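# Residue-level structure breakdown
Single-letter residue listing:
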There are 2 protein chains.
Amino acid sequence: METITAELNLVVKMTLTAWDAQNGYLNKLMDSLTDEQLAKEIAPGKNTGIYLFGHLVAVSDAMLPLMGFGEKLFPGLEKPFITSPDKSGLPMPSVAELKEKSKAINEKLASHFQSASADEWLSRHMSVSPEDFAKEPHRNKLNIVISRTGHMAYHVGQMQLLK
Amino acid sequence: METITAELNLVVKMTLTAWDAQNGYLNKLMDSLTDEQLAKEIAPGKNTGIYLFGHLVAVSDAMLPLMGFGEKLFPGLEKPFITSPDKSGLPMPSVAELKEKSKAINEKLASHFQSASADEWLSRHMSVSPEDFAKEPHRNKLNIVISRTGHMAYHVGQMQLLK
C-alpha cells in the first residue's frame, strides 16, 4: 500500500512538473521578446504574440474556478482573450500588465497545487456533475492540468516563431 | 489498497489518453493538409510542414528503444529529421511514406502501451542508469510519454498555421 501510494504521488508530481516546465518555457520566452515583437503576428494573417499571451493568461485564470480554488482573479480577461478573437478592437492590457496578472494567477494556482493531496487531484472538476463524474472518473482536477499543459505547449510553439 | 491501485491506473490511463489525443490532432491535421501546403514554411524563414511532420515521426520512432520496446523501425529518419535541421539538402521521404511509417510506429507503440502495467510504466527508461534512477524515480517510461506529448503539441500548434 505504501509503495502504491508513493507511486500515485509520484505520477501526480510528474504531471505538475510538466505544467511548471511549460510555464517556465512561456516565461522565458516572454522575457526574451520585446513589446514590438509581441505586437507582431506569429505568421502572416495569424494571431499576434500579445493576443496569444493574453489568451494563455486568461485560460490559466479560468482554471481557478474550474478547479474549485475560488473566483477568477481577472475576469475582465475573458472577453478580449477567450470569447473574442484577435483584432476584435477590444482594449487589451499592456504586456507588462499581463505579465503581472500571469504572476499573480500562477502564484495562486501553485499554492493550491502544493497543498492538494492525490485524492483531491482525482476529485471532480467543477464543470462535471457528480452523476457524470461517477461514470467518468477521468474528469478530475488533475486532467485539467494535463489538458492545459498541452494547450500551453501548442501556443508556446506558435509564439516561439516571433523570435 | 484496491482504491489506490485503481487511482494509479486511472492516472496512467489519463496520461496515455492525452498522448492518443495529441496523435489524433496530428493525424486529423495531416489529413486536412495537401502535399503543397506541407511543403510550405509555417512562417517566413521557419521550418516546413513536411520537416516538422518527419521530425515528429522520427521522435516517436526513437521512443521505441528509449522505452525498451525494441529497435527503431525506421532508423533512417534520424539523420534528416533529428540530427539535421530543415533544408539540409538531405533526401526526405514523401508525405505518403511518412504517413505509413507513422502508422506503423504508432501501432507498435500502442501495442506496448496497452499491455504495460503501472509498475512497468514507472520503471526506468533506457537513458537513465539504475543508480541515477534510484535517486530520480521520475525518470521513468511514463514521463517519456508526458514529455513527448508536450513536444508534439508544440509542433502541432506550429503546423496548424499551414491551414
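Preceding this paragraph is the structure being described.
Computed from a predicted model, the values in this text were never measured in an experiment. (Residues numbered from 1 in each chain as written. Chains lettered and ligands numbered in written order. Predicted model: local features only at pLDDT ≥ 70, side-chain atom pairs only at ≥ 80, totals over all residues. Heavy atoms only, no water.)

Before going further, it helps to spend a moment on the nonpolar core. Phe113(A), Trp121(A), Met159(A), Phe113(B), Trp121(B) and Met159(B) are the most contacted members of the largest nonpolar core, which totals 96 residues. Those residues in contact with Met159(B) that lie beyond four places of it in its chain are Leu26(B), Leu29(B), Met30(B), Leu33(B), Leu38(B), Ile42(B), Gly49(B), Leu52(B), Phe53(B) and Leu56(B). (Core = buried A, V, L, I, M, F, W, Y, C linked by side-chain atoms within 4.5 Å. Buried < 20%, exposed > 50% of the residue type's maximum accessible area, 1.4 Å probe, protein only. Contact = heavy atoms within 4.5 Å.)

Taken together, the contacts link 31 residues of chain B with 31 residues of chain A. At the boundary of chain B with chain A, total buried surface from both sides reaches about 2700 Å², with 75% on carbon and sulfur atoms. Counting across the interface, chain B meets chain A through four residue pairs in polar contact (both at pLDDT 80 or more). (Buried area = accessible area lost by both parts, 1.4 Å probe. Polar contact = N/O pair within 3.5 Å; in protein donor to acceptor, adjacent residues only side chain to side chain.)

Here the focus is the side chain of Asn23(A). Within the element layout of this structure, Asn23(A) appears in helix H1 (residues 2-32). Once you skip the residues sitting within four places of it in the chain, Asn23(A) turns out to touch Asn106(A) and Met152(A). (Helix = DSSP H or I, 4+ residues; strand = E, 2+ residues; numbered from the N terminus.)

Residue and element names in this part refer to chain B. One pass over the full model with this rule turns up ten salt bridges over all chains. For the salt bridge of Glu 78 with Lys 72, the shortest nitrogen-to-oxygen distance reads 2.5 Å. A relative accessible area of 32% means that Glu 78 is categorised as partly exposed. The partner of Lys 135 in a salt bridge is Asp 132, and the shortest N-O contact between them spans 3.7 Å. (Salt bridge = Lys/Arg side-chain N within 4 Å of Asp/Glu carboxyl O.)

A few words now on the environment of Ser94(B). Looking at the element boundaries, Ser94(B) is found in the loop between helix H4 (78-83) and helix H5 (95-115). Spatially, the C-alpha atom of Ser94(B) lies 9.5 Å from that of Gly54(B), the residues being 40 residues apart in sequence.

So, on to helix H5 (residues 95-115) of chain A. Every α-helix winds through 3.6 residues per turn, so residues three or four apart in the chain are directed the same way. Residues and elements named next belong to chain A. The first and last C-alpha atoms of H5 sit 30 Å apart over 21 residues, in line with the 30 Å expected at 1.5 Å per residue. Within H5, burial applies to Val 95, Leu 98, Lys 101, Ser 102, Ile 105, Asn 106, Leu 109 and Phe 113. Viewed along the axis of H5, the buried residues span an arc of 130°, placing them on a single side of the element. Those residues of H5 that are exposed and angled more than 90 degrees off the buried face are Glu 100, Lys 103, Gln 114 and Ser 115. On the buried face of H5, the contacting elements are H1, helix H2 (35-39), helix H3 (49-66), helix H4 (78-83), helix H6 (118-121) and helix H8 (141-159). (Expected span 1.5 Å × (residues − 1). Arc of directions from axis to C-beta.)

Bringing the relation of the copies chain B and chain A into the picture now. When chain B is fitted to chain A, the residual RMSD is 0.0 Å, and the transformation amounts to a turn of 180° plus an axial shift of 0.0 Å. Classification of the inter-copy transformation places it as that of a two-fold axis. For chain B, the minimum C-alpha distance to the rotation axis belongs to Tyr154(B) and amounts to 2.1 Å. The overlap is high: 100% of the interface residues of chain B also sit at the interface in chain A, so the same surface is used on both sides. (Least-squares fit on C-alpha atoms with pLDDT ≥ 70 in both.)

Residue Lys87(A) is not a glycine yet carries a positive backbone phi of 60°. For Lys87(A), a relative accessible area of 49% puts it in the partly exposed group.

Right, let's get into the packing of H8(A) against helix H8 (residues 141-159) of chain B. Look at H8(A) against H8(B): their axes get within 7 Å of each other, and the N-to-C directions meet at 45°. On the basis of their axis angle, the class for H8(A) and H8(B) is oblique. The two elements H8(A) and H8(B) meet at a crossing, and its hand is right-handed. Judged by residue contacts, Gly150(A), Ala153(A), Tyr154(A), Val156(A), Gly157(A) and Gln158(A) of H8(A) engage Gly150(B), Ala153(B), Tyr154(B), Val156(B), Gly157(B) and Gln158(B) from H8(B). For the contact of H8(A) with H8(B), the residue count by class is six nonpolar, six polar and no charged. (Axes fitted to C-alpha atoms, helices over the stretch in contact; angles between N-to-C directions. Parallel < 35°, antiparallel > 145°, perpendicular 65-115°, else oblique. Left-handed = near helix turned anticlockwise from the far one by under 90°. Nonpolar A, V, L, I, M, F, W, Y, C, P; charged D, E, K, R; others polar.)

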